[in-house]
Amino acid sequence: MPTPRLQLKRITKRYPSVVANSEVSLTVMPGETHAVLGENGAGKSTLMKIIYGSVKPDEGSVQFNGQVVHIKNPQEARALGISMVFQHFSLFDTITVAENVWLGLNKNLSLQQVTQSIVAKATEYGLDIDPLRPVHTLSVGEMQRVEIIRALLTNPQLLILDEPTSVLTPQAVDKLFVVLKKLASEGCSILYISHKLHEIRELCTACTVLRGGKVTGVCNPSQESNASLSKLMIGAEPPQLTHRAQKPGAAVLTLQNLILPREDQFGVDIEGVSLQVCAGEVVGIAGVSGNGQKELLYALSGEDVRAKPGTIHIGGVDASRLHPGQRRKLGLHFVPEERLGRGAVPTLGLAHNMLLSRQEAIAWPKFGGGWIRVKQLERHAAEIIARFKVKAGGPRSLARSLSGGNLQKFIVGREIDANPKLFIVSQPTWGVDVGAAAQIRGAILALRDAGCAVLVVSEELDELFEVSDRLHVISRGQLSPSVPIAEATVEKIGEWMSGLWDDDVQQHLAELEGMAIVGEPAQSGGQHAQA
Amino acid sequence: MLKLEARPEPSKIWTYGSPVLALLITVLIGAVMFSALGKDPVKGLEMFFWLPIHNAYALGELLVKATPLLIIALGLAVCFRSNVWNIGAEGQYIIGAIFAGGVALLADASSTRWIVLPILLAGVLGGMVWAGITALLRDRFHANEILVSLMLVYVAVQLLSYLVGGPWKDPMGFNFPQTKTFESVTRIPRLFDGSRVSIGALLALFSVAALWVFLFRTRSGFALQVGGLAPAAARYAGFSSRKALWMALLMSGGAAGLAGALEVAGPIGQLTLYVPAGYGFAAIIVAFVGRLHPVGMVFSAILMSMFYIGGEMAQSRLGLTKSLTGVFQGLLLFSLLACDTLVNYRLKWRTRGGA
Amino acid sequence: MESYALLLAATLNAGTVLAIASLGLLINEKVGIVNLGAEGMMLCAAIAGFATVVSTGNDWLGFAAGMGVGALLAAIFGLLVIWLNTNQYATGLALTLFGTGFSAFVGTSFVQAKIPERTSFAVPYLSDIPWFGPALFRHHPLVYVTVLMALALIWFMYRTRNGLVMRSVGESPESAHALGYPVRRIRLLAVVAGGALCGLAGAYLSVIYTPLWVEGMVAGKGWIALALTTFATWRPARVLLGAYLFGGVTMLQFHLQGIGVDVPSQFLSMLPYLATILVLALISRNPQWIRINMPTSLGKPFYPGA
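Below: a short report on this structure.

1. What to know about the overall build of chain B
Link 1 in the chain: Check the secondary structure of chain B and you find 14 helices and two strands.
Link 2 in the chain: The C-alpha atoms of chain B give 22 Å as radius of gyration, which agrees with the globular expectation for 355 residues (20 Å, within 12%).
Link 3 in the chain: Here the C-alpha coordinates of chain B stretch approximately 85 × 60 × 35 Å along the principal axes.
Link 4 in the chain: Across the 355 residues of chain B, 53% fall into the buried class.
Link 5 in the chain: Taking as baseline every contact in chain B between residues at least 6 positions apart, the subset at least 24 positions apart corresponds to 77%.

This is the structure:
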């Protein structure tokens, strides 16, 4: 039996409010691509931090190439040959790629040497990057390439990747997998943290499944199905959503040629976006982060009021220059991507967080802004907590004391409870456990069935395929035309994410013309993406 | 070694206990300082903590000192809760005093007691104008309000110096830089005979109640605080940060100006170079030690007045300098900031190493 | 003509106090920490320096005392702000309030004290050049050291790896921590170094610039130095320029009084403060510009355990 590259034995780590890892054992062989599967909150990140030296375990041992090691900090990990590519990049925006990489390596190299090594490594692995560019000019995908090159330059024996594909287009994911397979063939072991079942089945030869801090299974994912993996990950089959066909009603939201220059130099200009959302339909906007979603949503919610008059209409009313409060009066309710800090105030209770978007508990609004009826507020919050099954101590619990999923359920509940005519939500289930995610997506579909117009912006294609009726793609501040979900495929959407939709439109129009002349239905598009 | 461990929920005990612990630490260091200066520490502490409260007259003096501190602190609490850092309350106090003094100087034999009203309103107006400059510069030019309001303090001091040494100088004042003593009719009415406590104390108490209602029961107060706690959430909710900025600065400027008017038309009775007594800065400490809460600030204002009176007594009876007051005040704030860590963190002994 | 040479000389002298303090604050802010305690540190250092020179007669010991006091106070500030994560603004204010009171307290016995007559300095040969000589080359060595300090700082921050690390810590302490750098120790080092420089500025003020002790003699220079780091968009060369400019404005009031301008002296005394406000307003007008140059983590707490 060859010596395992990495062996974790009964690792335990406790925090004041939770046991993050409990008796976790993990074995990675040389050259193996080993997945660590688990939903949000299962303890994957903590385990990786222990391996990388940022966190010390309370119990258990770590063995590297057969030797017991005590890794005190990331520098020691790097010296051993363990390298990590983080989910949230450890990059510094104002300095160049080369300087960033230099900071992640050991001191004895000079900047010139590092720059040359970057170019060499990039060519070897087909990762296109210019070492002299300041990092803030890079796209998110390019930033990840920098992180990967930085890791590769340490000639790692073990490379850890934490949710690497959340910021990549499907095509970029394929390219990444080519790099990883090459790396593995050279003897490097790879630890691949993810919750995306189809990726793990495609890439990895071994998998350890974590749930609630404990190992629930070890398997070979290429021989498992999505259903069996899901069972190990959450203890049950993934919940199914019923998607009823619906005939959309009148247009509730209309965007006509929205143009917005960026607010700060790291932002994206919105360049002529037009779209329409009708009552009773869910329109999805797909796209990798950093392509203008943030800016578009600021303009829609009213947090950015610079839109030219006439470009945004809600329910027929020109809302381009209206503030959030005024838009809420028109029936718009919005769930932002950031929960703590934007959707809710962390240090206030749930009841008071109601006041961010609901006015029902305010009496005499004309006098000094109005009087807060606290008892009514708390009652209202309690109703929402019960209706949306939010796990919280009560209406007075501080927002920050809730788990990510529960807080999101509360915020979504707060907005849905207002009976909106137009419901906009960004990243509805990011960082949320599977159960809550299913509940939230179900709530979105219920809203739609009840006749609300819904706009969903998300980076998770699976999610959009599940809930949307029509799909747009946003790329570099421009919006593609929409495609009915039945005709959308992962490949096509992936191409559109790079902005390549014009050809498609031409072809589609040509097909339509062909249909009109010949009188035969054109071939329908591809298949649905795998759930 | 000692390590800090985050608590899952802020500790209720320490939220109330931390100011007490901070006070104890300050007292301890104070005792050490007295000894180091060759003075009896017990006598020194007596000056600060017993004499100011040991009889009715002393209590009255305590209230006289606490009133301006409390009023200014109430205004500052609005600012700090909104994350607007108004450090120049001293300047707003001075300009409020100047405006009030200006109106008081207009009084003559024919004025009635009602002139007190315009005097106080003038004080409020003066403070608001001075704070308004800071608000304007931050609103229009994004200029940092800490630096602007602070620079304006120095400007206000010079302005006062100019007025009392020039156009407003008392012609019968032996050329001292001060105005004439105001007519008795302009004086803020006293509450009881035999004590210098004025209706200012009542105004202060009323303001405490008003602030409580504003902060905890009105939507405007709520909006201001969200702006300070989570600016992105305030933007999401549609709370105007401009409105919040102006409201916070005008309210605290007005409060500081009112305090200035009360002092100048009250205990001081004229405009002199000694009008700036540092209340604007001490009020910052009052606000923090009182946890920016209306009721808490009542207690911290009384505590800070004890430091002031203690300092004066230590000077007259023990021959120590009055600036001891500043030392104690600074120490108290330092200790409070350090002790506040215990609200959110626990101290634990952790042995080195792990796996 | 002579008087303008003297004016320039006085400007450089006055600007030096501001420049040293501001360079120290720049080091602080480059790692993301705002120290509003500058005024308090300078006052304590001023009395420390003055008292030391009165007792020992040695200027350099006085400077050392000032630097030591500044470093000590900064260290206390740093421990609170970096390890206990107390609010940077409030803690800095506490330091100023404490420092103001403490320096007045300690300094009461030194108010009337005098220190030995300051020797005059002259750079050989260069100081004899007409006009430029008296203007530029008859200063205390520290004036020239200040320029060297600024240059050294530029070299350190932009041409060495440690300088890069320092800037990165200010940019994103979380990322630096994830890469394994001892963020808190680096920040403490910067805070202490900055405090030492503020202390040096304070000692220079009371020992060389106006050799005496008066309560509150720093008169807002600590605050102006803080403002300067923002004006200068955190660049050492611009800090120097701004400091001399402000030194000039301060000197202008004496010059105007000297030539008999008929404005009350108080309005002239307001000049430095009004100038600060004016420049602040003009510089801050474009928030983009500030945001581009500002260390991203400035003023924000850092939690390594997160």
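2. Describing the overall build of chain C
Link 1 in the chain: Secondary structure summary: chain C contains 13 helices and zero strands in total.
Link 2 in the chain: Seen in sequence order, chain C has helices and strands lined up from the N terminus as α-α-α-α-α-α-α-α-α-α-α-α-α.
Link 3 in the chain: A compact globule built from 306 residues would reach a C-alpha radius of gyration of about 19 Å, and chain C, at 19 Å, matches this within 12%.
Link 4 in the chain: Across its three principal directions, the C-alpha atoms of chain C cover 60 × 45 × 40 Å.
Link 5 in the chain: Looking at the 306 residues of chain C, the share that counts as buried comes to 54%.
Link 6 in the chain: Looking at chain C alone, contacts between residues at least 24 apart form 79% of all its contacts between residues at least 6 apart.

3. A few points about the sheet that holds strand 2 (residues 19–28) of chain A
Residue and element names in this part refer to chain A.
Link 1 in the chain: Read from one edge of the open sheet, four strands run 2-1-4-5, paired in antiparallel fashion. The two strands at the open ends of the sheet, each matched to only one other strand, are strand 2 and strand 5 (67–69). Each strand of the sheet is rotated relative to its neighbour by a mean of 25 degrees, with strand direction disregarded.
Link 2 in the chain: Of the pairings in the sheet, the one linking strand 4 (residues 59–64) to strand 5 comprises three bridges and is antiparallel in character. Counted as the bridge partner of Phe 64 is Gln 67 from strand 5.

4. Examining helix 2 (residues 38–56) of chain C
Residue and element names in this part refer to chain C.
Link 1 in the chain: Across its 19 residues, helix 2 extends 26 Å between first and last C-alpha, which sits within 8% of the 27 Å expected from 1.5 Å per residue.
Link 2 in the chain: Burial runs high along helix 2: 16 of the 19 residues are buried.
Link 3 in the chain: After helix 2 finishes, the residue Gly 57 shows a positive phi value of roughly 75 degrees.

5. Considering the environment of Leu 447 of chain A
Residues and elements named next belong to chain A.
Link 1 in the chain: Of note, Leu 447 is situated in helix 14 (residues 434–449).
Link 2 in the chain: Put simply, Leu 447 and Glu 281 are 166 residues apart on the chain and 9.2 Å apart in space, counted from C-alpha to C-alpha.
Link 3 in the chain: Once residues within four sequence positions are removed from consideration, Leu 447 is found in contact with Ile 416, Phe 423, Cys 452 and Val 454.

6. Some thoughts on the interface of chain B and chain C
Link 1 in the chain: Contacts between the two partners involve 37 residues from chain B and, on the opposite side, 36 residues from chain C.
Link 2 in the chain: With 11 residues, helix 13 (residues 324–339) of chain B is the single largest residue contributor to the side of chain B that touches chain C.
Link 3 in the chain: Of the residues assigned to the side of chain B that touches chain C, the class counts are 24 nonpolar, 12 polar and one charged.

7. Focus on the sheet that holds strand 12 (residues 270–278) of chain A
Residues and elements named next belong to chain A.
Link 1 in the chain: The strand order across the open sheet formed by four strands is 12-11-14-15, and the pairing between neighbours is antiparallel. Single-partner strands in this sheet number two, and they are strand 12 and strand 15 (317–318).
Link 2 in the chain: Pairing geometry for strand 14 (residues 312–314) and strand 15, over two bridges, is antiparallel. Bridging across to strand 15, Ile 314 finds its partner in Val 317.

8. Examining the pairing of strand 10 (residues 214–219) of chain A
Two faces belong to every sheet, and in a regular strand the side chains alternate between them.
Residues and elements named next belong to chain A.
Link 1 in the chain: Here strand 9 (residues 206–211) pairs with strand 10 via five bridges, running antiparallel. What sits directly across from Arg 211, in strand 10, is Lys 214.
Link 2 in the chain: Taking the residues that link successive antiparallel strands as the turn, the strand 9-strand 10 hairpin has two residues, and the phi of Gly 212 there is positive, at about 60 degrees.

9. Digging into the interface of chain B and chain A
Link 1 in the chain: Each partner contributes to the interface: chain B provides 22 residues, whereas chain A provides 34 residues.
Link 2 in the chain: Its residues assigned to classes, the side of chain B that touches chain A shows 12 nonpolar, four polar and six charged.

10. Here we look at the environment of Ala 66 of chain B
Link 1 in the chain: Within the secondary structure, Ala 66 of chain B sits in helix 3 (residues 56–81).
Link 2 in the chain: Excluding residues that lie within four positions of it along the chain, Ala 66 of chain B makes contacts with Ala 301, Ile 302 and Ser 305 of chain B.

11. What about the pairing of strand 1 (residues 6–14) of chain A?
Residues and elements named next belong to chain A.
Link 1 in the chain: Of the strand pairs in this sheet, strand 1 and strand 4 are connected by five bridges, and their pairing is antiparallel. By the bridge assignment for strand 4, Gln 7 is matched with Gln 63.
Link 2 in the chain: As paired strands, strand 1 and strand 2 are joined by six bridges and run antiparallel to one another. In the strand pairing of strand 2, Gln 7 is matched with Thr 27.

12. Describing helix 10 (residues 241–268) of chain B
An α-helix turns once per 3.6 residues; consequently, residues spaced three or four apart project the same way.
All names here are of chain B.
Link 1 in the chain: Along its 28 residues, helix 10 runs 38 Å from first to last C-alpha, staying within 8% of the 40 Å computed at 1.5 Å per residue.
Link 2 in the chain: For helix 10, a buried count of 21 out of 28 residues is recorded, marking the element as mostly surrounded by other parts of the structure.
Link 3 in the chain: Following helix 10 by one or two positions, Gly 269 adopts a phi angle in the positive range, close to 80 degrees.

Criteria and thresholds
- Residues numbered from 1 in each chain as written.
- Chains lettered and ligands numbered in written order.
- Predicted model: local features only at pLDDT ≥ 70, side-chain atom pairs only at ≥ 80, totals over all residues.
- Helix = DSSP H or I, 4+ residues; strand = E, 2+ residues; numbered from the N terminus.
- Rg over C-alpha atoms; globule rule 2.2 N^0.38 Å.
- Buried ≥ 20, exposed ≤ 12 C-beta atoms within 10 Å, placed from the backbone.
- Contact = placed C-beta atoms within 7 Å.
- Pairing = 2+ DSSP bridges.
- Axes fitted to C-alpha atoms, helices over the stretch in contact; angles between N-to-C directions.
- Expected span 1.5 Å × (residues − 1).
- Nonpolar A, V, L, I, M, F, W, Y, C, P; charged D, E, K, R; others polar.

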